[in-house]
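If you want the building blocks of each chain, they are given just below.
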Amino acid sequence: PGAKIPAEAKLALRLIAAWLAATAALEPNRSKPAEMSLFTKIIRKEIPSCKVGAGELWYAFLDINPRRAGHTLVVPVEEKQRLAELSAESRAALMEGVADAQRRLGKVFDTQDFTVVLHDGPLAGQEVPHVHVHVMPRTSGDGGRCAGMAAFPDAPPIGSVEPDFAALGALSEKLQAA
């Protein structure tokens, strides 16, 4: 039947496989093709969300673990882990989405001030490997501080509280109507 593989060749193949596994472990932040991201599933309506707004190349929805009321995520339809990997068209559209979310949030929360944060990669704090921008309305006395997730130190840790889907849904309707 088939040709016999020499022991030296088998050893070489095992060493190559081990080297590839070790290389992958040493480079955990390298973009890898993977299954569809959570955000792509949300964009495709395979997972429900509380929509804030949408454009042809972006989608905005309320974060289910908000640092404060109105905490919105704006994501490009193009699925890439890092901002620099997006096409120029998607990057521009993403910022249009951020501006649209700010306009809607500004009307509902009566503010022109926002914390806008993008964690670009896992070492920067990115938890979902799909570019996304956090947009949080800022109001006097909101308990927030300077920037990012550290802006709301009194918020419960992510995942420690069941999401209030009724409140998120009500706010979603308000923001979409804004």
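To be clear, the structure that these remarks concern was listed above.
Asker: Got a sec to walk through the layout of surface pockets? Specific residues and values, please.
Answerer: Taken as a whole, the largest pocket holds about 480 Å³ of empty space. Lining the largest pocket are 24 residues, and of these Phe39, Asp63, Ile64, Asn65 and Leu73 lie nearest its centre. Among the secondary structure elements, those contributing two or more residues to the lining of the largest pocket are helix H2 (38-43), strand S2 (58-62) and helix H4 (165-177). The dominant element in the lining of the largest pocket, judged by the number of residues it contributes, is H2, at three residues. Here the lining of the largest pocket is composed, by residue class, of 15 nonpolar, seven polar and two charged. By volume, the second largest pocket amounts to about 330 Å³. Forming the boundary of the second largest pocket are 23 residues, of which Ile64, Asn65, Pro66, Asp164 and Leu168 lie nearest the centre.

Asker: Now, about helix H3 (residues 88-109): what can you tell me, with residues and values included?
Answerer: Taking 1.5 Å of rise per residue, 22 residues should cover 32 Å, and H3 covers 31 Å from first to last C-alpha, within 8% of that figure. For H3, the full list of buried residues reads Ser90, Ala93, Leu94, Gly97, Val98, Asp100, Ala101, Arg104, Leu105, Gly106 and Phe109. The elements touched by buried residues of H3 are strand S1 (51-54), S2, strand S3 (72-76), strand S4 (113-117), strand S5 (133-138) and H4. Taken from the residues just after H3, aspartate 110 is the one with a positive phi, measuring 50°.

Asker: Give a description of H4 that names residues and reports values.
Answerer: Relative to the 18 Å expected for 13 residues at 1.5 Å per residue, H4 spans 18 Å between its end C-alpha atoms, a close match to the ideal helical length. Buried-residue contacts for H4 involve S1, S2 and H3.

Asker: Give a detailed account of the packing of aromatic side chains, specifying residues and quantitative values.
Answerer: Enumeration according to the criterion identifies two aromatic pairs in this entry. With a centroid separation of 5.7 Å and an interplanar angle of 65°, the aromatic rings of phenylalanine 39 and phenylalanine 61 are classed as edge-to-face. Of the two residues, phenylalanine 39 is situated in helix H2 and phenylalanine 61 in strand S2; the sequence distance between them amounts to 22 residues. Assessed through its relative accessible area of 4%, phenylalanine 39 is described here as buried. An aromatic cluster of at least three residues, connected via ring pairs, comprises Phe39, Tyr59 and Phe61.

Criteria and thresholds
Residues numbered from 1 in each chain as written. Predicted model: local features only at pLDDT ≥ 70, side-chain atom pairs only at ≥ 80, totals over all residues. Heavy atoms only, no water. 1 Å grid on protein atoms, 1.4 Å probe; cavity = no way out; pocket = protein on both sides within 12 Å on 5 of 7 lines; lining within 4 Å. Points joined across faces, edges and corners; volume = space filled by probe spheres on them. Helix = DSSP H or I, 4+ residues; strand = E, 2+ residues; numbered from the N terminus. Nonpolar A, V, L, I, M, F, W, Y, C, P; charged D, E, K, R; others polar. Expected span 1.5 Å × (residues − 1). Buried < 20%, exposed > 50% of the residue type's maximum accessible area, 1.4 Å probe, protein only. Contact = heavy atoms within 4.5 Å. Phe/Tyr/Trp six-rings, centres within 6.5 Å; stacked < 30°, edge-to-face > 60°.

It is worth stressing that arrangement in space is one thing and function is another; only the former is reported here.
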